[in-house]
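# Working through the structure, step by step
The chain contents come next:
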Amino acid sequence: MFMAEMGHLYNIITFLALSPTLISTFSITPRTTITSLTKLHTATTDEQKTTASAFPSSPQQTLPPSRLQKAQRILEELQLDPNTLLETELTDKTLPYRPLDVDQTITSPITTRWSPNANVAEPLIKYDPIAAEKLLFRQPTKWLIRNVQIAFPLGNWVLGVAWDLVNQNEKENRRKRANQLLRTITGLGPAIIKGGQALASRPDLMPAEYLDALQKLQDDVPTYDNAIAVKTVEDELNIAFGDVFELVSEEPVAAASIGQVYKARLLSNGDTVALKIQRPNCEEVIALDLYILRWWSGIYNAIFRALNRDIDFQSIIDDFGELIYRELDYVAEAANAQRFAELYSVTLKDVFVPKIYSELTTSKVLTMEWVDGFRLTDSETLDKYALDRKKLLDTLIQCSLRQILENGFFHADPHAGNL
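Now for a look at the structure at hand. (Residues numbered from 1 in each chain as written. Predicted model: local features only at pLDDT ≥ 70, side-chain atom pairs only at ≥ 80, totals over all residues. Heavy atoms only, no water.)

### So, the packing of aromatic side chains
Following the criterion strictly, the structure yields 9 aromatic pairs and no others. Measuring from ring centre to ring centre gives 6.2 Å for Trp157 and Tyr210, while their planes differ by 75°; the resulting arrangement is edge-to-face. Taken as a pair, Trp157 in helix H7 (residues 140–166) and Tyr210 in helix H10 (residues 208–214) lie far apart in primary sequence, 53 residues in all. Residue Trp157 shares its accessibility class with Tyr210, and that shared class is buried. Judged by centre distance (5.0 Å) and plane angle (85°), the rings of Trp295 and Trp296 are edge-to-face. On the basis of relative accessible area, Trp295 is assigned to the partly exposed category, the value being 45%. Relative accessible area serves as the criterion here: at 38%, Trp296 is assigned to the partly exposed category. Within the aromatic cluster, the residues linked to one another by ring pairs are Tyr300, Phe304 and Phe313. (Phe/Tyr/Trp six-rings, centres within 6.5 Å; stacked < 30°, edge-to-face > 60°. Helix = DSSP H or I, 4+ residues; strand = E, 2+ residues; numbered from the N terminus. Buried < 20%, exposed > 50% of the residue type's maximum accessible area, 1.4 Å probe, protein only.)

### Observations regarding the packing of helix H13 (residues 282–306) against helix H14 (residues 313–328)
Any two packed helices are characterised by the angle at which their axes cross and by the distance between the axes. Relative to each other, H13 and H14 sit at 165°, their axes nearing to 8 Å. Considered as vectors, H13 and H14 are oriented roughly antiparallel to each other. Between H13 and H14 lies a crossing of right-handed hand. Between H13 and H14, the residues in contact are Cys282, Glu283, Ile286, Ala287, Leu290, Leu293, Arg294, Ser297, Gly298, Tyr300, Asn301 and Phe304 and Phe313, Gln314, Ile317, Asp318, Phe320, Gly321, Ile324, Tyr325 and Leu328, respectively. Looking at side-chain class alone, the contact of H13 with H14 contains 13 nonpolar, 5 polar and 3 charged residues. (Axes fitted to C-alpha atoms, helices over the stretch in contact; angles between N-to-C directions. Parallel < 35°, antiparallel > 145°, perpendicular 65-115°, else oblique. Left-handed = near helix turned anticlockwise from the far one by under 90°. Contact = heavy atoms within 4.5 Å. Nonpolar A, V, L, I, M, F, W, Y, C, P; charged D, E, K, R; others polar.)

Structure representation (structure tokens):
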């Protein structure tokens, strides 16, 4: 039985040694693998001869090594040392590459946003609260002024709500206070606006009047100067704006916490595109605001611990910071959009993902195909185009379930402005 199985193993190894195409599926190169397997082939042949002579017919002879030991020996032979790989593969002087020194670094002009085993594209600059704290703590003037800029407007709103409660007319003044909070948040920068957007989708925390007001933060934030936006595109893409783009509308069609979007046309082919441009100094403002929020959350942590409540506000701010830093890198966003298209726009016929223009995209500028659309809550337009609400809802549910249950790659911000 043992000799028969050794014969089968020998045949399999011989087949592998003669099949470079099959071997290419391994993580090592075909030539090196064939060399190694050829050595194993020879050793196996010699071993078979030795085994045959060692066991002519007598059952009293020492039993051969177990099949497990044989398998382990074969596996050890296949697990090549990297130095052996370089030695066998790269000593051929006809090849266009040479062995690398141990300390030599491989550099590439291409920067990928996909790290090993990552399910989503990673931003080039990641949120690091410890590094931010070390940097900003040495700049007290900056964060003290920013503290005042945040605390006074929000404090004024809190006092107004408290005054309404004292006078027992909070409900009558609720919409007024909601609009006051909206104006306050829109003037406080991207990080605070992001926090307001999160509150806009929390009916368990906010009354309906506040939800209605804060939902405007999702796509109706005050814009910044068009000249600054054009200059950002020129600096990022190293082009003259008018040589590549023609604005369909001089004003942005939408503005959100981190950037604003223009409808433009590519002069090279006439394609209509959505041009998303990041706000100036966005990362610096967000880093400063996160530092301040994290400092105050540490104070709240101490207060709640004194009240025997285990709530870690700093962890909440750190998670928030990690998420918002992901949105700052438009190249990562483009990579995720392309991955989304691969997974869902092919398998689901009613799902369409806009094309990304990678050559016109950087970490601060995103160029993608323009698609006309409207919100799912826009009943008037749904009726105008006689769209089947049930089919739309079914497509949304099927796509969402596949995102979450099949691939684990899903749209994690499905607020009203994105549906």
